[in-house]
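An overview of the molecular structure
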Amino acid sequence: MTPRNLLSRTALALCAAMLPLAAQTPLFNDGTAFGGSKVFSEGLNPLGNPARFDRSPSGWYLSYVDGDQRAKDNASILEDTLSTDAATTGAALKRLAENPWAIRIRAYGITGVKDSASFGYTREEYRSEYAHVDLANLGANLPLNQSQLDGRRVVVDRVHFGGGALASGTAAGFNVRLERWSMGVVAPYLAVNPDSTLPPPVPGAFPFPYSANDYVMRFSTTTARTLTYALDAGFTTELAEGLRVGAMVDQINAKRLWDVNMKPRIRASLQIDLGPSTQLTAETDLNAVQRMPFPVNQKSSAASLRYQVSQAVVFLLGAERRKIEDSSTTVAGVTLQLRTPSLLVSFGFQAGQDRPLKGLALMVN
């Protein structure tokens, strides 16, 4: 077995062994959700590795992302909680305890790249829900059930600027994010409505009344706002021909946003050239941290292939596994890029439930 084959098999084994993960908005179709990488990014995402800001041609880029990311079968489970049959609702609550979260994302922005520097504005909007399930009161006790659906509307407006340098095969960079966060919370109970400003529960019904018509995922009120900043840093280095490693730290300055304690997150990656046009990347978070919009620990891992079909066509394919608290979900994503020195058109897609995640990025020079 050649050294390269051994490294390739080792990398694939590492990918298979990786378990945990957390969502990252793939702005500019640049990230693990659409089959790419965060550490070995395309150099456009302000949430990616700032050591990679020299990877894309200088110019202005636009981004739009829209869709859902959910725990397994979360949407259908919530529909089952609408049943007025106590047995059906109880079974749905047991499944909901294992698959409690969902996020709906809409994001857009513009970024400028000049040599190894990046700067721009992005806006991310989240509607999310996280179920805290009461498994002690089921069956005949279902009317006493205190299961709670924590729904949140979170908006972040972000201005970022950063840069890096490359010397002797090693790149290093930094990024500064100035952010304005807004949040609103709705916390409906299974059979009790503690907030009179929300629609009343369906008379005589056991389930979350807010599962109907996707109420929580359409919640649009924000009542709290704050200004903050974040510091990120990263590096990549070439160990040998066709073999690279990299790491990055985001949110170096620990910050508490309301009930979410955002500590520094360290992410490491290994990249191997499988041929002149194919690269395999494996990466994982080294620690579990809280990230908006959920006040629970999250961790992520991913593996991807980058295939240069031709000089102008690039194909990205990857899978990622997310662990949010005790719930784990595996998803797959794909991106098609059409690239020239003066053009970028990128389409991204992540398979999923209800509203699959979709993204578009393009150069506007």
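Placed above this text is the structure.
Residues numbered from 1 in each chain as written. Predicted model: local features only at pLDDT ≥ 70, side-chain atom pairs only at ≥ 80, totals over all residues. Heavy atoms only, no water.

Here's the deal with the overall build of the chain
Note the threshold: By definition, any uninterrupted DSSP run of H or I lasting at least four residues is a helix, any uninterrupted run of E lasting at least two residues is a strand, and each is numbered from the N terminus. Partly exposed describes any residue whose relative accessible area lies between the buried limit of under 20% and the exposed limit of over 50%, with all areas from a 1.4 Å probe on protein chains only and scaled to the type maximum. Any pair of residues with heavy atoms lying within 4.5 Å of one another is described as a contacting pair. Areas reported as accessible are Shrake-Rupley estimates using a 1.4 Å probe. Residue values count occlusion only from the protein chains shown.
The helix and strand inventory of the chain stands at 4 helices and 17 strands. The buried share of the chain, taken over its 365 residues, is 52%. In the chain, 63% of the contacts between residues at least 6 apart in sequence involve partners at least 24 apart. Just so you have it, the chain exposes about 15,300 Å², and 59% of that area is on carbon and sulfur atoms.

Quick look at unusual backbone geometry
Leave glycine aside and you will find that most residues have negative phi; peptide bonds, for their part, are mostly trans. Put simply, Met292 and Pro293 share a cis peptide bond, and its omega is 5°. Positionally, Pro293 belongs in the loop between β12 (289–291) and β13 (294–308). Phi is positive for Phe28, which is not a glycine, with a value near 60°. Structurally, Phe28 is set in the loop between α1 (3–17) and β1 (59–70). With a phi angle near 60°, Glu325 is a residue other than glycine that sits in the positive phi range.

Side note on the packing of aromatic side chains
The cut-off we apply is this: Any two of the Phe, Tyr and Trp rings considered here, Trp counted by its six-membered ring, make a pair once their centres fall within 6.5 Å; the pair's planes then place it as stacked at under 30 degrees, edge-to-face at over 60, or tilted in between.
Under the counting rule described, the total for this entry stands at 3 aromatic pairs. Considering the side-chain rings of Trp101 and Phe294, the 6.4 Å spacing of their centres and the 65° angle between planes classify their relative orientation as edge-to-face. Residue Trp101 is found in strand β2 (residues 101–114), and its partner Phe294 is found in strand β13; the two are separated by 193 residues along the sequence. Looking at Phe294, the relative accessible area reads 2%, which means it is buried. An aromatic cluster is built from Trp101, Tyr130 and Phe294, whose rings are joined through pairwise contacts.

Notes on the pattern of salt bridges
Which entries qualify depends on this criterion: Every case where a carboxyl oxygen of Asp or Glu lies within 4 Å of a side-chain nitrogen of Lys or Arg is listed as a salt bridge.
Applying the stated rule across the entire model yields 24 salt bridges. Through salt bridges that share partners, Arg106, Arg123, Glu125, Arg127, Arg153 and Asp157 make up one connected network.

So, the environment of Ala71
In this structure, Ala71 sits in the loop between β1 and α2 (74–80). Take Ala71: its relative accessible area is 0%, and that puts it in the buried class. Spatially, the C-alpha atoms of Ala71 and Val331 are 9.8 Å apart, while their sequence positions differ by 260 residues.

With respect to the nonpolar core
For the record, the criterion: Joining through side-chain atoms within 4.5 Å is the link that ties buried Ala, Val, Leu, Ile, Met, Phe, Trp, Tyr and Cys residues into a set, and such a set is a nonpolar core.
Of all hydrophobic cores here, the largest spans 31 residues; its most connected members are Tyr61, Trp101, Met292 and Phe294. Among the elements that take part in this core, β2 stands out by supplying 5 residues, more than any other. Beyond its immediate stretch of four places on either side in the chain, Phe294 contacts Trp101, Ala102, Ile103, Ser128, Glu129, Tyr130, Val260 and Ile324.

Here's the deal with the side chain of Ser147
Rule in force here: Contacts described as polar in this section are N or O atom pairs within 3.5 Å, which, within protein, must combine one atom able to donate a hydrogen with one able to accept it, while residues neighboring in sequence count only if both atoms come from side chains.
Mapped onto the elements, Ser147 comes out in the loop between β3 (117–132) and β4 (148–167). According to the relative accessible area criterion, Ser147 is buried, its value standing at 0%. Separated by 2.8 Å, the side chain of Ser147 and the backbone nitrogen of Asp134 make a polar contact. For Ser147, the side chain forms a polar contact with the side chain of Asn145, separated by 2.5 Å.

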